[in-house]
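So the chains spell out like this:
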Amino acid sequence: MSPTMAPARVVTGALPTAVLGPTLRSVDSDPDLLARVRAGDEAAFVTLVDRYHGSMLRVARNYVPSQAVAEEAVQDTWMGVVRGLDRFEGRSSFKTWLFRILINRARTAGEGEPRSQPLGDVEPAVDASRFTASGAWAEPLEAWVTNADDRLVADTWTDALRTALDRLPPRQREVVVLHDVEGLPSEDVCSLLGVSEGNQRVLLHRGRSRLRSLLESELSERGR
Amino acid sequence: MHLLRRPADLACQQVVELVTEYLEDTLSRADRTRFEFHLRHCPNCTAYLDQMRATIVATGTLRAEDVAPDMLAELTELFRGWRSEEELPDQP
């Protein structure tokens, strides 16, 4: 390493524990619950609703103008799921199947689907003003200080991230939500949204880069 | 530092555009080697990659809102309606 380079501090701290809160609400697997729902088990249905309802609302919100319409689309989806359970063959995960029904219904309800929008102009991951003429960082990059025990830091992260996510352009947001928030594999995201692997990656890249950049400014603002 | 850069070296500005492909493991072997070579010599890009990783991890831990009790009650009613249409046995 060249001794003339200003060393950037490296983020080594773990994310705040409150950010990494528990998400597992039930140990029952989806296939187990589905088998019980087919047999008419209400408790199994409630567990499934509890597991996915919030995620579904968040996904639906990408396609419809209001929370109320999103709730209708989600409710409609649950009924479609219950009536169509026999058509679920397990070729995809239940979650992907569920989101496919949901996105179709939400798109119909919202009418203005973001699918037809073009990818748009090239959008740099980091603003060009941050680099020198030769393409090196003009200023050392500030490290993100995270403190595992600091509840305030954890809340700041979560708040900043939710704000940043809401500010993403719709197409980037839908890919980031499905891939990074909901954890669907890339091939499922492509098939759900009808985009190629390459375009999906471009949208993911722009979305993530923008999130990082928004987080950077949010965190530095709130840290002051 | 850029004065020492060989033609094949990446600039920081190029590195930040390759981060997603690097993390998703879709770079060619040659590009991956160049990317990792750059990282070994550039603390700023190393910090940048850490920031991106932190962003992705934090994004993956965003919790969705819990289902509202009245919505759950409504859905449960609909489920009961479906169950009686289907003439499924009552649960114990």
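The structure displayed is predicted, hence computed values, not measured ones. Here the residue numbers are simple positions, counted from 1 along each chain's written sequence. Lettering of chains starts at A and numbering of ligands starts at 1, both following the order in which they are written. In keeping with the predicted nature of the model, local features appear solely for residues at pLDDT of at least 70, side-chain atom pairs appear and are counted solely at 80 or more, and the whole-chain, interface and lining totals rest on all residues.

## A short note on the overall build of chain B
Helix and strand content of chain B: four helices and zero strands. Going along the chain from the N terminus, every DSSP run of H or I of four or more residues is numbered as a helix, and every run of E of two or more is numbered as a strand. Along chain B, helices (α) and strands (β) appear in the sequence α-α-α-α when read from the amino end.

## Considerations on the interface of chain B and chain A
Each residue is represented by a C-beta atom placed from its backbone, and any two residues with such atoms within 7 Å are regarded as in contact. On the chain A side, the residues contacting the 48 residues of chain B number 58 residues. For the side of chain B that touches chain A, the elements supplying multiple residues, two or more each, are α1 (12-23), α3 (43-60) and α4 (69-86) of chain B. Residue type decides the class: Asp, Glu, Lys and Arg count as charged, Ala, Val, Leu, Ile, Met, Phe, Trp, Tyr, Cys and Pro as nonpolar, and the leftover types, Gly among them, as polar. Here the side of chain B that touches chain A is built from residues that sort into 24 nonpolar, 15 polar and nine charged.

## Topic: unusual backbone geometry
Phi is positive for B:Asp25, which is not a glycine, with a value near 60°. Backbone-placed C-beta atoms define the burial measure: a residue is buried with 20 or more other C-beta atoms within 10 Å of its own, exposed with 12 or fewer, and partly exposed in between. Owing to 7 C-beta atoms within 10 Å, B:Asp25 belongs among the exposed residues under this scheme.

## Describing the domain arrangement of chain A
Put simply, an interface is often sized by how much accessible area is lost when its parts join up. Residue and element names in this part refer to chain A. Looking at chain A, the domain boundaries give domain 1 (30-112) and domain 2 (116-222). Where a domain begins and ends is set by an automatic assignment or by a domain database. Put simply, the middle of domain 1 and the middle of domain 2, counted by C-alpha atoms, are 27 Å apart. Of all the elements in the fold, those that place two or more residues in the side of domain 1 that touches domain 2 are α2 (42-60) and α4 (94-110). In terms of residue count, α4 provides more of the side of domain 1 that touches domain 2 than any other element does, five residues in total.

## Description of helix α6 (residues 170-181) of chain A
Residue and element names in this part refer to chain A. The element α6 is extensively covered by neighbouring structure, given that 11 of its 12 residues are classed as buried. Listed in full, the buried residues belonging to α6 are Arg171, Gln172, Arg173, Glu174, Val175, Val176, Val177, Leu178, His179, Asp180 and Val181. Positive phi appears at Gly183, one or two residues downstream of α6, with a value of about 70°.

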